[in-house]
Amino acid sequence: MNTMIELQPSPKVYCGQTERSKTPEETLASIEPLVQIAGITRVADITDLDRIGVPVYSCIRPTAADGAISVYNGKGGTEAEARVAGIMEGIERYSAEAMPRDLAATSYKMLSLTEDCINPRDLILPRTNDADMELPWVDAWDIANNCSVKVPLCAVIHPNPHYLPGLFRSSSNGIASGNTIEEAIFYALTEVIERDSWSLVETTRDTGPAITGLTGHASEMLAKFTAAGVEVTLKDITSDLGIPTIAAVSDDVTLKDPRLLTIGMGTHTNPEIAVIRALSEVAQSRATQIHGAREDATIASFREMMGYDRVKRMNAYWFKTESTKQFSEIAGCATPDFTTDILAIIERLKAAGLARVIVYDLTDPDLGVPVVRVIVPGLECFTIDNERRGKRCTDAERRHIHRPKSAA
């Protein structure tokens, strides 16, 4: 199987409240005829379930594999953006379930004698897991070093079937779609960077400065929350990688519903789009809780049992403001082309000691919509799997403990 991925120019044709290589309307025209093949039976506008007014769509795929959710949500600055996001998530999940054929299991110790392969320990394993267990492996492509590399199957597909061995809890972290493979890689990359930044914050409880002075579309979206009586605190949680990452923490001071103490994250080379993604994720989380149709809403049930005041106290570190930062001070690094952005991100990762950026092409041949899994060995995912905590979290915690009290 030829796994080579040669990055081609991929201009950002649409630069609205997101960036894409096609307009949302063009994307919809190409993906809506595919929903039936992907097993999607319903795409519903759930925006009006909430009072915010930020577009949110629900996408239902009842044939999802065992261990995967079947209700997905899309959000965006416009209805078309949100609808595209919902359908694309359904397509991503469908594509990620495909099982390669003729898989043979072997251990890392044996495979590494003859092949370039990823050490499972570099993927940050739960302490109890055996890094040298026999696993199925697949061929992927390292776009940072332009070479083929073998990775454990369980690290690329989702969900990992219960009858196959796995190294950790299966997740969709780093799976993304796009109009081009470069667009898909870009959004998968920003997702793993986002989860890493969030993990570092949860480790140190240092949520960064509050952001003030929003402009443009980001300011307009924030105003919708304010007008509805929902207080949103924006935090700059950008890590040492320097890719703008924003957290949006919301408190519905009108309803005081613990389920609506929600948080949204956004990472993008364009700081305004990072803010918009964080805000629209808050809107998505609110609409999802109100809709009540998503299977992974267990945390919300616990919050409801604990009550509003207790939940807010437990998350007080997100709501406190010890310093502020003007939005204009957040340095962006966006270019007019996804490939140029990807190459710049790779250089930032290498500078931080993260030398490999691995892409596995999940594109389903019947759909033809580019879908990838991106793996950056060493990036943290503690926020989505608290059994996995790596060196970056450990180092961040050590630095936080030993920094001068005046900087705390």
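An unreviewed UniProt entry lists the chain under the name YcaO domain-containing protein, from Methanorbis furvi.

Caption draft 1: Inspection of the overall build of the chain at higher detail. When helices and strands are tallied, the chain shows 11 helices and 16 strands. What you see for the chain is a C-alpha radius of gyration of 21 Å, in line with the 22 Å of a compact globule of 408 residues. Its C-alpha atoms give the chain principal-axis dimensions of about 60 × 55 × 45 Å. Within the chain, the fraction of its 408 residues that count as buried is 55%. For the chain, the exposed surface amounts to about 17700 Å²; the carbon and sulfur share of it is 49%.

Caption draft 2: Local environment of the environment of Tyr-187. Inspection of the secondary structure assignment puts Tyr-187 in helix α4 (residues 181-204). Take Tyr-187: its relative accessible area is 6%, and that puts it in the buried class. Placed 206 residues apart in sequence, Tyr-187 and Cys-393 show a C-alpha to C-alpha distance of 23 Å. A polar side-chain atom of Tyr-187 sits 2.6 Å from the main-chain carbonyl oxygen of Glu-19.

Caption draft 3: Just the pairing of strand β4 (residues 56-60), in detail. Of all 5 residues in β4, 4 are buried; the element is thus mostly enclosed. Where strand β3 (residues 42-45) lies against β4, 4 bridges are found, and the strand directions are antiparallel. Among the inter-strand pairings, Arg-42 is bridged to a residue of β4, identified as Ile-60. Across 5 bridges, the pairing between β4 and strand β5 (residues 71-75) is antiparallel. Within the sheet, the bridge partner assigned to Cys-59 lies in β5 and is Tyr-72.

Caption draft 4: Structural detail: unusual backbone geometry. Geometrically, the link from His-158 to Pro-159 is a cis peptide bond, its omega value of -5° lying close to zero. Along the chain, Pro-159 turns up in the loop between β8 (147-152) and β9 (175-177). In this structure, Ile-124 takes a positive phi of about 65° despite not being glycine.

Caption draft 5: Geometry of the nonpolar core. Residues Ile-31, Ile-87, Ile-91, Val-151, Val-156, Ile-358 and Val-369 are the most contacted members of the largest nonpolar core, which totals 45 residues. Mapped by element, the contributors of at least two residues to this core are α1 (24-31), α2 (79-96), α3 (108-111), β7 (135-142), β8, β15 (358-361) and β16 (371-375). Tallying contributions element by element places α2 first for this core, with 6 residues. Sequence-distant contacts of Val-156, that is, excluding residues within four places in its chain, are made with Val-138, Val-151, Ile-175, Tyr-360, Leu-362, Arg-373 and Ile-375. With 29 residues, the next largest nonpolar core counts Val-192, Cys-333, Phe-338 and Val-376 among its residues.

Caption draft 6: Layout of helix α6 (residues 271-291). Taking 1.5 Å of rise per residue, 21 residues should cover 30 Å, and α6 covers 30 Å from first to last C-alpha, within 8% of that figure. Taken across its 21 residues, α6 has 16 buried, putting it largely inside the fold. Capping of α6 at its N-terminal end is provided by Asn-270; its side-chain oxygen lies 3.0 Å from the backbone amide nitrogen of Glu-272. Residue Gly-292 follows α6 closely and has a positive phi angle near 70°.

Caption draft 7: Layout of empty space enclosed by the protein. All told, the structure shown has 2 cavities of 30 Å³ or more when counted by the stated rule. Considering the residues around the largest cavity, the lining is formed by 21 residues, among which Leu-123, Asn-173, Ile-375, Cys-381 and Arg-388 are closest to the centre. Here the second largest cavity is characterised by a volume of approximately 30 Å³. Along its surface, the second largest cavity is lined by Thr-47, Asp-50, Ile-52, Gly-53, Val-54, Val-56, Ala-283 and Ala-287. Taken together, the residues of the lining of the second largest cavity sort by class into 5 nonpolar, 2 polar and 1 charged.

Caption draft 8: Fine view of the pattern of salt bridges. All told, the structure shown has 24 salt bridges when counted by the stated rule. Linking Arg-398 and Asp-395 is a salt bridge whose minimum nitrogen-to-oxygen distance equals 2.9 Å. Taken together, the residues span about one helical turn, with Arg-398 and Asp-395 both in helix α11 (residues 391-402) at a distance of 3 residues. On the accessibility criterion, Arg-398 (45% relative accessible area) is partly exposed.

Caption draft 9: Quick peek at the sheet that holds β4. One open sheet accounts for 3 strands, arranged β3-β4-β5; its pairing is antiparallel. Each of the sheet's edge strands pairs with one partner strand only, and the pair in question is β3 and β5. Pairs of neighbouring strands in the sheet enclose a mean axial angle of 20°, with direction left out of account. Docked against the sheet, α2 engages β3, β4 and β5, running at close to 145° with respect to β5. α6 rests against β4 and β5 of the sheet, and its axis sits at about 140° to β5.

The rules behind the values
- Residues numbered from 1 in each chain as written.
- Predicted model: local features only at pLDDT ≥ 70, side-chain atom pairs only at ≥ 80, totals over all residues.
- Heavy atoms only, no water.
- Helix = DSSP H or I, 4+ residues; strand = E, 2+ residues; numbered from the N terminus.
- Rg over C-alpha atoms; globule rule 2.2 N^0.38 Å.
- Buried < 20%, exposed > 50% of the residue type's maximum accessible area, 1.4 Å probe, protein only.
- Areas by Shrake-Rupley, 256 points an atom, 1.4 Å probe, with all protein chains shown as cover.
- Polar contact = N/O pair within 3.5 Å; in protein donor to acceptor, adjacent residues only side chain to side chain.
- Pairing = 2+ DSSP bridges.
- Core = buried A, V, L, I, M, F, W, Y, C linked by side-chain atoms within 4.5 Å.
- Contact = heavy atoms within 4.5 Å.
- Expected span 1.5 Å × (residues − 1).
- 1 Å grid on protein atoms, 1.4 Å probe; cavity = no way out; pocket = protein on both sides within 12 Å on 5 of 7 lines; lining within 4 Å.
- Points joined across faces, edges and corners; volume = space filled by probe spheres on them.
- Nonpolar A, V, L, I, M, F, W, Y, C, P; charged D, E, K, R; others polar.
- Salt bridge = Lys/Arg side-chain N within 4 Å of Asp/Glu carboxyl O.
- Axes fitted to C-alpha atoms, helices over the stretch in contact; angles between N-to-C directions.

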